[in-house]
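Coordinate inspection notes
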Amino acid sequence: MRSLTQALLLAGAALLPLGSAGAQGAPGWHLVPIGAREYVPIEDVCRFYSMSAAEPVIGEIHLSGRIGTVDGKQGSPYVFLDGIRHALSFPLLERDGRWYLSRTDLSCLFDPIFRPSHVPVRLWLRGVVIDPGHGGEDKGARSRNGRYEKDYALDTARRLGSILRSQGIPTVFTRTSDVFVPLEERVRVAQSHPDYVFVSLHYNQSEPSGHGVETYCLAPRGAPSSNNGTWVRRVDYLPLPGNDNDLLNTLLAHEIHLELVRLRPDDPEMDRGFRRARFVVLRDNPLPGVLVEGGFLSDPSDSSSIDRPEYRQRLAEAVARGLGRFFQETRARASATPELPGNRPARQR
């Protein structure tokens, strides 16, 4: 039986779905093993993306260039790309005055965001499977005024569907009324629409209450879910159907999250981050997919906003704008790309 370290390294080699040359053949990249993972020096990242580093601050890194900005801290689970919070699969490392980015985050986070035109697209994506969370006896979170997540999610889904159809984008729903739909059935709906993307709509709850919006896509193979810290479980190494779309998942979630955090630009707590998870509707889904958490029903401010139809309309419009940019970026071509460490073309179905 393979050791845990061997399994992690094998998963790391397989989870990078971009382009062409293998690790040894990719010019300019220096893979550095640290523990059981591989990292690239920030100098390589700067050279590849034509970025420069600001004057060093202890424990912090700040990069900027024509394509955008990167702001991060040693050991933090998040990095800010163009000022928007994104969860890293593994924290940035600083060793002996040099900074390192994990190979996973280079290929599955940085590159699809900074070079969306290089994300491989295997077919023309033309529609959206809209998945209103919960339903029926599965009520979801309860708002402070006694209403339930299942109702808010369905209302938001209907609004999103109307917007998309008015733009000529086909839609299909996993539920259109207050009924319970098993998670596996939601995935089956997605499977029957291979040229669509999948958007699951939810509202959040926590104790003590959080505040703001989150956008989830599937964690890359061999990487932890955002809520698990840096702890990687054995099951995280298993290949999942959703991982065939790792780069498209990232791009889709990024574009939608970018629009969501603009709903309340004067609220510094609005951005809870682009995050990773292995929810059933993401992990078993053959479509590029995201799960949106549109605010916390347990938070007085969020709950008050979510209860207003105009806020749910604005949230649906924000998701539609993110989808619109995603379609623009992916419909122009269906090509594989470039030379990142260990990249390979996405599998054909």
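Scroll up to find the structure.
As the structure is a prediction and not an experimental result, all values here were calculated from the model.

1. With respect to the environment of leucine 92
Among the structural elements, leucine 92 can be located in the loop between strand S7 (84–87) and strand S8 (93–95). Apart from residues no more than four positions distant in its own chain, leucine 92 is found in contact with Ile61, Gly72, Lys73, Gln74, Gly75, Ser76, Val79, Trp99, Tyr100 and Leu101.

2. Some thoughts on the sheet that holds S8
Within the open sheet, the four strands sit side by side as S1-S2-S9-S8. Their pairing is antiparallel. Each end of this open sheet is capped by a strand with a single partner; those strands are strand S1 (32–34) and S8. Strand-to-strand twist of the sheet, defined as the mean angle between neighbouring strand axes without regard to direction, takes the value 45°. As judged from the three bridges shared by strand S2 (residues 37–41) and strand S9 (residues 98–102), these two strands associate in the antiparallel manner. Residue pairing for S9: valine 40 is matched across the bridge by leucine 101. Helix-sheet contacts for helix H3 (residues 103–114) involve S2 and S9, and the interaxial angle to S9 is about 60°.

3. Section: the pairing of strand S12 (residues 196–204)
Look at any regular strand and the pattern is simple: side chains alternate between the two faces of the sheet. The buried count for S12 comes to nine of nine residues, which makes it a mostly enclosed element. In S12, alternate side chains face the same way, and those of Tyr196, Phe198, Ser200, His202 and Asn204 on one face and Val197, Val199, Leu201 and Tyr203 on the other are all buried. The pairing of S12 with strand S15 (residues 289–296) spans six bridges and is classified as parallel. Bridging across to S15, valine 199 finds its partner in valine 290.

4. A closer look at the nonpolar core
A general tendency of soluble globular proteins is for nonpolar side chains to be buried together. Leu101, Phe110, Val128, Leu160, Ile256, Leu260 and Leu323 are the most contacted members of the largest nonpolar core, which totals 67 residues. Tallying contributions element by element places helix H9 (residues 309–331) first for this core, with nine residues. Those residues in contact with leucine 260, other than ones at most four positions away along the chain, are Val213, Thr215, Met270, Val292, Leu315, Ala318 and Val319. Among the nonpolar cores identified, the runner-up in size contains 14 residues, and Val172, Ala190, Phe198 and Val281 belong to it.

5. With respect to the packing of H3 against helix H6 (residues 246–260)
H6 packs onto H3 with a crossing angle of 55° between their chain directions and a minimal axis gap of 9 Å. Considering the angle they form, H3 stands oblique to H6. Note that H3 runs across H6; the crossing there is right-handed. Here Ser107, Cys108, Leu109, Pro112 and Ile113 of H3 come into contact with H6, specifically with Leu247, Thr250, Leu251 and His254. Broken down by class, the residue content of the contact of H3 with H6 amounts to six nonpolar, three polar and no charged.

6. Some points on the packing of helix H4 (residues 149–166) against H9
The interhelical angle for the contact between H4 and H9, taken along N-to-C directions, is 50°, at an axis separation of 9 Å. With respect to H9, the axis of H4 lies oblique. Like other packed secondary-structure pairs, H4 and H9 cross with a definite hand, here right-handed. Of the residues in H9, those in contact with Tyr152, Asp155, Thr156, Arg159, Leu160, Ile163 and Leu164 of H4 are Pro309, Arg312, Gln313, Leu315, Ala316, Glu317, Val319, Ala320 and Leu323. Of the residues assigned to the contact of H4 with H9, the class counts are ten nonpolar, two polar and four charged.

7. A few points about H4
Helical geometry note: an α-helix holds 3.6 residues per turn, so side chains three or four residues apart project in the same direction. A rise of 1.5 Å per residue sets the reference length of H4, with its 18 residues, at 26 Å; its end C-alpha atoms lie 26 Å apart and thus fit the reference within 8%. All of the buried residues in H4 are Glu149, Lys150, Tyr152, Ala153, Leu154, Thr156, Ala157, Leu160, Gly161, Ile163 and Leu164. Glycine 168 sits one or two residues past H4 and shows a positive phi near 80°.

8. Description of the pattern of salt bridges
Counting across every chain of the model gives 23 salt bridges. Between aspartate 236 and arginine 278 there is a salt bridge, with the nearest N and O atoms lying 3.1 Å from each other. Here aspartate 236, found in the loop between strand S13 (213–218) and H6, pairs with arginine 278, found in the loop between strand S14 (271–277) and helix H7 (280–283); they are 42 residues apart in sequence, far enough to count as distant. As far as burial versus exposure is concerned, aspartate 236 and arginine 278 are alike and both buried. Put simply, arginine 321 and glutamate 259 hold a salt bridge, and the shortest N to O gap is 2.9 Å. You can see arginine 321 sitting in helix H9 and its partner glutamate 259 sitting in helix H6, a full 62 residues away along the chain. Sharing partners across several salt bridges, the network here consists of Glu255, Glu259, Arg262, Arg321 and Arg325.

How each quantity is defined
Residues numbered from 1 in each chain as written. Predicted model: local features only at pLDDT ≥ 70, side-chain atom pairs only at ≥ 80, totals over all residues. Heavy atoms only, no water. Helix = DSSP H or I, 4+ residues; strand = E, 2+ residues; numbered from the N terminus. Contact = heavy atoms within 4.5 Å. Pairing = 2+ DSSP bridges. Axes fitted to C-alpha atoms, helices over the stretch in contact; angles between N-to-C directions. Buried < 20%, exposed > 50% of the residue type's maximum accessible area, 1.4 Å probe, protein only. Core = buried A, V, L, I, M, F, W, Y, C linked by side-chain atoms within 4.5 Å. Parallel < 35°, antiparallel > 145°, perpendicular 65-115°, else oblique. Left-handed = near helix turned anticlockwise from the far one by under 90°. Nonpolar A, V, L, I, M, F, W, Y, C, P; charged D, E, K, R; others polar. Expected span 1.5 Å × (residues − 1). Salt bridge = Lys/Arg side-chain N within 4 Å of Asp/Glu carboxyl O.

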